[in-house]
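# Coordinate inspection notes
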Amino acid sequence: MPTVKEVALNFRTRTISIANLSPEILTEIHKFPFPVQKLIAKEVHAVLKRLQEGKKVPELLFTECNCKFFCQYMLPCRHIFHKQLCGNIDILTSEVLILELYFLLFG
């Protein structure tokens, strides 16, 4: 049975690996605590299923979605990752996120 110290250390320092994801995005995912990384990893794997099913790339311009996952956790969902991986715009870059924050704060 792990000690409280070990659990706390793993919560912050343990990282997940996800195949076929750019190192820049994976670095951003590693900034989250490990349990959140696992949630995001499930969404990334759901993108593979979306691709297998032949679903089209979502029409997103910003990192906002109306799906249950995004509304519940306010984290990038399968639709956002699908757009990032297959679309013609990088919606998960720092510049876009800063621009979104600016519009959120100053409208």
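None of the values given here were measured: they were computed from a predicted structure.

To continue, consider the packing of helix α3 (residues 34-52) against helix α5 (residues 78-86). Viewed as axis vectors pointing N to C, α3 and α5 meet at an angle of 65°, and their least axial separation amounts to 8 Å. At the point where α3 passes α5, the crossing takes the right-handed sense. Residues Ile40, Glu43, Val44, Ala46, Val47, Arg50 and Leu51 of α3 form the contact with α5, whose participating residues are Arg78, His79, Phe81, His82, Leu85 and Cys86. A per-class count over the contact of α3 with α5 returns eight nonpolar, two polar and three charged.

Despite not being glycine, methionine 74 shows a phi value in the positive range, around 55°. As for its position among the elements, methionine 74 is in the loop between α4 (68-73) and α5. The class of methionine 74 is exposed, set by a relative accessible area of 57%.

Procedures and definitions
Sequence positions are assigned chain by chain, starting from 1 and proceeding in written order. Under the rules for a predicted model, residues below a pLDDT of 70 receive no local features and side-chain atom pairs below 80 are neither given nor counted, while totals for whole chains, interfaces and linings still include all residues. Think of the side-chain values as coming from all heavy atoms in the structure, minus any hydrogens and water. Axis definition: a line fitted to C-alpha atoms, over the contacting stretch in the case of helices. Angles run 0 to 180 degrees between N-to-C directions. Labels follow the DSSP assignment, with helices taken as runs of H or I lasting at least four residues and strands as runs of E lasting at least two, numbered in each case from the N terminus. When the near helix sits turned anticlockwise from the far one by under a right angle, the crossing is termed left-handed; a clockwise turn instead gives a right-handed crossing. Whether two residues are in contact is decided by their heavy atoms, any of which lying within 4.5 Å being enough. Residue polarity follows a fixed list, in which Ala, Val, Leu, Ile, Met, Phe, Trp, Tyr, Cys and Pro are nonpolar, Asp, Glu, Lys and Arg are charged, and the others, Gly among them, are polar. For every residue, the accessible area (1.4 Å probe, protein chains only) is compared with the maximum for its type, and the residue is labelled buried under 20%, exposed over 50%, or partly exposed between those bounds.

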